[in-house]
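# Descriptive structure summary
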Amino acid sequence: MSAPAGSPHPAASAQIPPKFGGAAASGAAASADPGSAPHQQNGPAQNQMQVPSGYGLHHQNYIAPSGHYSQGPGKMTSLPLDTQCGDYYSALYTVPTQNVVTPSTANQQPGAQQMYSRGPPAPHIVGSTPGSFQGAASSASHLHTSASQPYSSFVNHYNSPAMYSANSSVASQGFPSTCGHYAMSTVSNAVYPSVSYPSLPAGDTYGQMFTSQNAPTVRPVKDNSFSGQNTAISHPSPLPPPPSQQHHQQQSLSGYNTLTWSAPGLPSTQDNLIRNHMGSLAIANNNPTVTGVDSSSTTSSASPMPNSYDALEGGSYPDMLSSSASSPAPDPTHEPDPAPAPAPASAPAPAVPQPSKMAKPFGYGYPALQPGYQNATAPLASVVQPSNPVYSGFQQYPQHYPGVNQLSSSLGGLSLQSSPQPESLRPVNLTQERNVLPMTPVWAPVPNLNADLKKLNCSPDSFRCTLTNIPQTQALLNKAKLPLGLLLHPFRDLTQLPVITSNTIVRCRSCRTYINPFVSFIDQRRWKCNLCYRVNDVPEEFMYNPLTRSYGEPHKRPEVQNSTVEFIASSDYMLRPPQPAVYLFVLDVSHNAVEAGYMTILCQSLLENLDKLPGDSRTRIGFMTFDSTIHFYNLQEGLSQPQMLIVSDIDDVFLPTPDSLLVNLYESKELIKDLLNALPNMFTNTRETHSALGPALQAAFKLMSPTGGRVSVFQTQLPSLGAGLLQSREDPNQRSSTKVVQHLGPATDFYKKLALDCSGQQTAVDLFLLSSQYSDLASLACMSKYSAGCIYYYPSFHSTHNPSQAEKLQKDLKRYLTRKIGFEAVMRIRCTKGLSMHTFHGNFFVRSTDLLSLANINPDAGFAVQLSIEESLTDTSLVCFQTALLYTSSKGERRIRVHTLCLPVVNSLADVYAGVDVQAAICLLANMAVDRSISSSLSDARDALVNAIVDSLSAYGSTVSNLQHSALMAPSSLKLFPLYVLALLKQKAFRTGTSTRLDDRVYAMCQIKSQPLVHLMKMIHPNLYRIDRLTDEGAIHVNDRIVPQPPLQKLSAEKLTREGAFLMDCGSVFYIWVGKGCDNNFIENVLGYPNFASIPQKMTHLPELDTLSSERARSFITWLRDSRPLSPVLHIVKDESPAKAEFFQHLIEDRTEAAFSYYEFLLHVQQQICK
Amino acid sequence: MAFTFTAFCYMLALLLTATLIFFAIWHIIAFDELKTDYKNPIDQCNTLNPLVLPEYLIHAFFCVMFLCAAEWLTLGLNMPLLAYHIWRYMSRPVMSGPGLYDPTTIMNADILAYCQKEGWCKLAFYLLAFFYYLYGMIYVLVSS
């Protein structure tokens, strides 16, 4: 299909401007084509598409036969559509000749053609489009981004203005790939089009559609369309695109990583397919009840579709794999004989081959994808055909699916048992195994689901569960003694994110779950919620797939093909009009602050990034400064210079002017720049040492409360005046106490109350604490903790005396100011009935049992949730978790980002252990330990951490492993558990016996609570690499750079040889430790000094030397840096320099005077177990 | 049959316990509402917190009355609750106002469950106490 299609519209795709004239032309073309059914088919499909997103498509649709289709959409769409339609129609009538031109080629790629026609008013029809489309498809396979571009253009054309804006906004927000994603999905859809079709029901629906269509315009078209349908069938078989491409596409759908796809994709998918097929057959035999249809039988049954859906029920969705299997079918449908009439015959034919040769079809099927991809319309053809023979083909497909699904679902639960000892269950004798730490970074375990679901499942970067096999009952969970919870990173920067604009967002009527890939379709018109099991109707609009522009394939919509999607929400999701982006900066300008000199850095960063602040034309900004009084700045447009207003009554703060303190960024830009240039020097001679932070915050709250937004507070000392004043609570003599660490909680609830007030007014407070002495972060942090802000702490900050901190502040500010932001957000986490949320961790306010109120959401915020199992999960084999984050983008759009995670349920303890995600478990434990140390005491928390290992390992020893009990045994999945817990115990937040400043400790706790898992793991257990002998072995290529991948080293001094140089990646800090006997070549080529002795004590940069080893080292470090939001500071530590203590404290496997070594710790645990 | 101070104490305690029963019911309903998402935790805490001290004071008040009346058994039965109240209030979170409940932690499942359980236990205790006081009052009236 692809080939023919491609040829007709070579370059056109990109060009097509979304104009009505163009549309008219297309419509005309379609009408003319009667013989060339494809166009017509497209027409209908397009209509459906339009419904959700854009209007432009309609015209095309009506042309087609399918008046029905057009009607459906018509309801949805607003007036403009109709008008457009009118135009189109007229166009059609007028332009009949054009249609004639398109014929054969047009048929194959109806979608594409239509698109083109719209864009270019001219009859580009034949020639222009094909090339571009093909190009897009091919590029898509290799690079998502490339694909996306063509697609985006596509989308725009189709979409009416509304859509348009959406797209543009997306792009601006930095999801360039979004479009690409769509494209990808379309491809996949296109591949399977026929599969999804329920034979009977579909027909009905269509019929209904027909009748429903009132639009007069449609009718005339109808005739044409019918003829068109016939023609569509006749499509010449397109070129089968290279199979590999298809595979790629599929992968891309499921996952977000662009890099990885290419190689792995093909083989694995094929395997999966095969397995599915096999499985389907087997299942069919086993469970006749499930599906009315025999999966194996090639003949079509009357009710194939419903059956297939049932199979899905278990949770396994017949997704890409199944579809791929079926994909061959679609081809046939399109390919069929030129003669439309014979359709019935032709359709069956294609279907038959599939069942018989299971393996083969795949290769075949893929080709189908391409055409689909290019056209997006391909599916349409299938849609149109219902009446035709094509239909029968559909029936067959469904049959296959059920089988597949069943098998897969059963596999999901059983696979563990079938393979007696999965790798994750291999018992490891911890005391004997010296090298527990793998050489490569630890990846998240993949849930033991069937391949379809695996592919659809949410990326572990966004959503992880501590147990990837959910125990069936709370009793089983209690036996396993492992924490059950979720680790979330919901607003992560994504490179691939499908954005969906739709009038109705499909949700479960009782639990309000968003439709997701793991729901089951009972039949064409109903779906069953996978969280509460309610059966819901599929709304009319959802029947239309905007990607393939086909009708009647609800399970191929992007919502059902992607576990991470973003919806553009309608006004139903707004309590008030979306707020503009509002930024308020509250700056400490007391003597202490001026001395530290942060103002210069801040103002400089702001000046540089003023244009990059996320926002739209409504963006507002304001400044306040405070010492013992509060200073406001009137930046009203029209003033010649900023006006400073001082309020000295800090007991009863008021706003000196009601407006003009928060001003439009663009209208008052000059004034803002003047102010930023002047600020650093305004207070240089201040003698004011007091800090009235509390009153300043109260004023900020008053200022922000009408709109909400973000308040950034810069504070350099203990607040000493007015409300919220704090006293120093730290006793330096207790810093290294091994007994009690006090004052981890707040001293006053002033900041908490303020944060709650702010949260209520959709205002988040971000705290930058740049202090050299104790500032009671435990109290101050409350202002951010409960208002969903973030906390940055720069101990002993000084702009000149401590350049590394200054540099860090600068880089952090750049990220902070330019990163994405969501306003007035709420996040709801839902889970399958039987599970419930227990406790939440992170920065937010919990508004109800499953609803978090987030005044702001930023891409660096992570959350954790503890779960409990309230009811037994015996009647389900899969559980799902869904987070929905509703926020207002900086462009003033209301959006919902939905992540859905699906996990299998198991009933044996061994399976529970096999599925432990040890990193997630550690992060959850760390969060729980922070709570414990604040509510109870630090020593309690430490005991709880040790008990967590003792309990889980002893539970494992007594129930699962039947090996000798004298040794300390752990399943392979848990072998890192003791190491990580030891690392936690030696972490700043929980360590005792080592001198730790209270603020440092509290900050570490704040980070544990708010960091996403990936960053938190580096904080807990740093990565150590040897970098004096970097080679290209195993190197990866990133952006044309070769990045060496040295193996991970144990965090032990035994690994540090004097002859080496080591890089330690602690998340927010890098250390390079240079041994005394380090090779002079390395020192010279990488560090730029002739020998060890000449390396300076304080060195924070690697010089850019033109040597191979320097290049490797730098590219490695840059690569590590790029992977995190906040740029880490690099310290080069010479052996024997005083700074090496900083480095050595991270070698957690070694013994310190106050803590166990790893081996001692194991013995300790063993002793505890034996007790 | 004489109307003694002891009898007066019992009668007063009877009335006050009836009030406390209402407090306990209110408490239970409030937490149930929280659990079922009907109420915002901030509002709920704002309505519950002012009631905490009055409840404790009422209970402490008739404990003192029983002490004065030298009703040692009755006093002894009430001592555990009195001690619990004192402990509970001593270990409350950092708050500037009176009360026990912190809107930021109240939604924690453990705390919510604890508060609910506390409500039911108190309700049971007050109900039993109510009948005990009734019996005590009649006994005192009849015996004296």
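These numbers were taken from a predicted model, which means no experiment stands behind them.

### Topic: the overall build of chain B
Scanning chain B from N- to C-terminus turns up 4 helices and 0 strands. In chain B, the succession of helices and strands from N to C terminus is α-α-α-α. By its C-alpha atoms, chain B is 55 × 25 × 20 Å across when sized along the principal axes. Looking at chain B as a whole, 44% of its 144 residues are labelled buried. Taking as baseline every contact in chain B between residues at least 6 positions apart, the subset at least 24 positions apart corresponds to 78%. For chain B, the computed accessible surface area is about 7,400 Å², with 77% contributed by carbon and sulfur atoms. For chain B, the distance from the average site of its 6 positive side-chain charges to the average site of its 9 negative ones is 3 Å.

### Describing the sheet that holds strand β4 (residues 485-488) of chain A
Residue and element names in this part refer to chain A. If you trace the 4 strands from one edge of the open sheet to the other, you get β2-β4-β24-β21, paired in antiparallel fashion. On the outer flanks of this sheet lie β2 (463-465) and β21 (835-841), each paired with one strand and no other. Here the strands of the sheet are splayed against their neighbours by 25 degrees on average, with no regard to which way each runs.

### A look at the UniProt feature "transmembrane region" (unreviewed entry) in chain B
Residues and elements named next belong to chain B. Here, the residues flagged by UniProt with the feature "transmembrane region" (unreviewed entry) are residues 7-29, 56-82 and 123-142. In residues 7-29, the share of helix is 100% and the share of strand is 0%. The end C-alpha atoms are 33 Å apart. This span, residues 56-82, is 89% helix and 0% strand, and a straight line between its end C-alpha atoms measures 8 Å.

### Concerning the confidence of the model for chain B
Residues and elements named next belong to chain B. In this model, chain B carries a mean pLDDT of 91, and residues with pLDDT of at least 70 account for 98%. Of all secondary-structure elements in chain B, the lowest mean pLDDT belongs to helix α1 (residues 5-35), at 92, while helix α3 (residues 72-90) reaches the highest, 94. Quick note on the complex model: pTM equals 0.70, ipTM equals 0.91.

### Considering the environment of Ser-563 of chain A
Residue and element names in this part refer to chain A. Relative to the elements of secondary structure, Ser-563 occurs in the loop between α31 (558-561) and β11 (564-568). Among the residues examined, Ser-563 registers a relative accessible area of 3% and is labelled buried. Measuring from C-alpha to C-alpha, the distance between Ser-563 and Leu-430 comes to 37 Å, with 133 residues separating the pair along the chain. Leave out the neighbours within four places in its chain, and Ser-563 touches Leu-456, Asn-457, Cys-458, Pro-517, Phe-518, Val-898, His-899 and Thr-900. Within the structure, Ser-563 has its side chain in polar contact with the backbone oxygen of Asn-457 (distance 3.4 Å).

### Things to note about the interface of chain A and chain B
Tallying the contact residues gives 18 residues for chain A and 17 residues for chain B. Regarding the contact of chain A and chain B, the summed buried area is about 1,400 Å², with carbon and sulfur atoms giving 57% of it. It is His-838, Phe-845 and Thr-849 of chain A in chain A that bury the most area against chain B; as a group they hold 33% of the surface buried on that side. If you look at where chain A meets chain B, you find 1 salt bridge. Note that Asp-102 of chain B is salt-bridged to Lys-752 of chain A, the shortest N-O span being 2.4 Å. Linking chain A with chain B are 6 residue pairs in polar contact (both at pLDDT 80 or more), by the criterion used here. At the level of secondary structure, the elements contributing two or more residues to the side of chain A that touches chain B comprise α36 (750-760), β21 and β22 (845-848) of chain A. Ranked by residue count, the leading element in the side of chain A that touches chain B is β22 of chain A, at 4 residues. By residue class, the composition of the side of chain A that touches chain B is 7 nonpolar, 5 polar and 6 charged.

### Structural notes on the packing of helix α42 (residues 938-959) of chain A against helix α49 (residues 1158-1170) of chain A
Residues and elements named next belong to chain A. Contact geometry of α42 with α49 gives a least axis separation of 9 Å together with a crossing angle of 60 degrees. The pairing of α42 with α49 is recorded here as oblique in orientation. Of the two possible hands of crossing, α42 and α49 adopt the one that is right-handed. On α49, the residues that touch Val-946, Ile-949, Val-950, Leu-953 and Ser-954 of α42 are Phe-1161, His-1164, Val-1165, Gln-1168 and Ile-1169. Split by residue class, the contact of α42 with α49 holds 7 nonpolar, 3 polar and no charged.

### Quick notes on the side chain of Arg-1124 of chain A
Residue and element names in this part refer to chain A. With respect to the helices and strands, the residue Arg-1124 is situated in the loop between α47 (1108-1122) and β34 (1129-1134). Take Arg-1124: its relative accessible area is 9%, and that puts it in the buried class. Side-chain polar atoms of Arg-1124 contact the backbone oxygen of Leu-1120, separated by 3.0 Å. Ignoring anything within four residues of it in the chain, the contact list for Arg-1124 reads His-1015, Lys-1018, Asp-1065, Gly-1067 and Phe-1070.

### Side note on the packing of aromatic side chains
Residues and elements named next belong to chain A. Under the defined criterion, the tally for this structure stands at 35 aromatic pairs over all chains. Here Tyr-583 and Phe-823 contribute two aromatic rings whose centre-to-centre distance is 6.2 Å and whose plane-to-plane angle is 55 degrees, an arrangement assigned as tilted. Here Tyr-583, found in strand β12 (residues 582-588), pairs with Phe-823, found in strand β20 (residues 822-831); they are 240 residues apart in sequence, far enough to count as distant. Looking at Phe-823, the relative accessible area reads 0%, which means it is buried. Judged by centre distance (5.2 Å) and plane angle (75 degrees), the rings of Tyr-913 and Tyr-956 are edge-to-face. Of the two residues, Tyr-913 sits in helix α40 (residues 909-914) while Tyr-956 sits in helix α42, which places them 43 residues apart along the sequence. Here the two residues Tyr-913 and Tyr-956 agree in accessibility, since each one is buried.

### Side note on the sheet that holds β34 of chain A
The strand order across the open sheet formed by 5 strands is β31-β28-β32-β33-β34 (chain A), and the pairing between neighbours is mixed. Pairing within the sheet leaves two strands with one partner each, and these edge strands are β31 (1048-1049) and β34 of chain A.

### Structural notes on helix α45 (residues 1013-1020) of chain A
With 7 of 8 residues buried, α45 of chain A is to be regarded as a mostly interior element. By the burial criterion, the buried members of α45 of chain A are Leu-1013, His-1015, Leu-1016, Met-1017, Lys-1018, Met-1019 and Ile-1020 of chain A.

### Considerations on the packing of helix α33 (residues 598-609) of chain A against helix α39 (residues 803-818) of chain A
Residues and elements named next belong to chain A. Where α33 contacts α39, the two axes come as close as 10 Å, and the packing angle between them is 35 degrees. Relative to α39, the crossing made by α33 is right-handed. Mapping the contact onto sequence places Tyr-598, Ile-601, Leu-602, Ser-605, Leu-606 and Asn-609 in α33 and Ala-806, Leu-809, Gln-810, Leu-813, Lys-814, Leu-817 and Thr-818 in α39. Of the residues contributing to the contact of α33 with α39, the split by class is 8 nonpolar, 4 polar and 1 charged.

### Observations concerning the side chain of Ser-1010 of chain A
Checked against the element boundaries, Ser-1010 of chain A lands in helix α44 (residues 998-1010). Judged by its relative accessible area of 16%, Ser-1010 of chain A falls in the buried class.

### A short note on a nonpolar patch on the surface
Residue and element names in this part refer to chain B. On the surface, a cluster of nonpolar side chains totalling about 380 Å² of accessible area is made up of Phe-3, Phe-5, Phe-8 and Met-11. Considering the arrangement of structural elements, one finds Phe-8 in helix α1. Classification of Phe-8 by relative accessible area gives partly exposed; the value is 34%.

### So, unusual backbone geometry
All names here are of chain A. In this structure, Tyr-533 takes a positive phi of about 70 degrees despite not being glycine. Structurally, the position occupied by Tyr-533 is in the loop between β7 (526-528) and β8 (535-537). For Tyr-533, a relative accessible area of 29% puts it in the partly exposed group. The phi torsion at Ser-660 lies on the positive side, around 70 degrees, for a residue other than glycine. Turning to its location among the elements, Ser-660 is positioned in the loop between β15 (643-647) and β16 (662-664).

Thresholds applied
Residues numbered from 1 in each chain as written. Chains lettered and ligands numbered in written order. Predicted model: local features only at pLDDT ≥ 70, side-chain atom pairs only at ≥ 80, totals over all residues. Heavy atoms only, no water. Helix = DSSP H or I, 4+ residues; strand = E, 2+ residues; numbered from the N terminus. Buried < 20%, exposed > 50% of the residue type's maximum accessible area, 1.4 Å probe, protein only. Contact = heavy atoms within 4.5 Å. Areas by Shrake-Rupley, 256 points an atom, 1.4 Å probe, with all protein chains shown as cover. Lys, Arg positive; Asp, Glu negative; His and termini not counted. Charge placed at Lys NZ, Arg CZ, Asp CG, Glu CD. Pairing = 2+ DSSP bridges. Axes fitted to C-alpha atoms, helices over the stretch in contact; angles between N-to-C directions. UniProt positions renumbered as here; feature names shortened; annotations may be inferred. pLDDT = per-residue confidence, 0-100. Polar contact = N/O pair within 3.5 Å; in protein donor to acceptor, adjacent residues only side chain to side chain. Buried area = accessible area lost by both parts, 1.4 Å probe. Salt bridge = Lys/Arg side-chain N within 4 Å of Asp/Glu carboxyl O. Nonpolar A, V, L, I, M, F, W, Y, C, P; charged D, E, K, R; others polar. Parallel < 35°, antiparallel > 145°, perpendicular 65-115°, else oblique. Left-handed = near helix turned anticlockwise from the far one by under 90°. Phe/Tyr/Trp six-rings, centres within 6.5 Å; stacked < 30°, edge-to-face > 60°. Patch = residues over 30% accessible without salt bridge, like charges linked within 9 Å, V, L, I, M, F, W, Y side chains within 5 Å.

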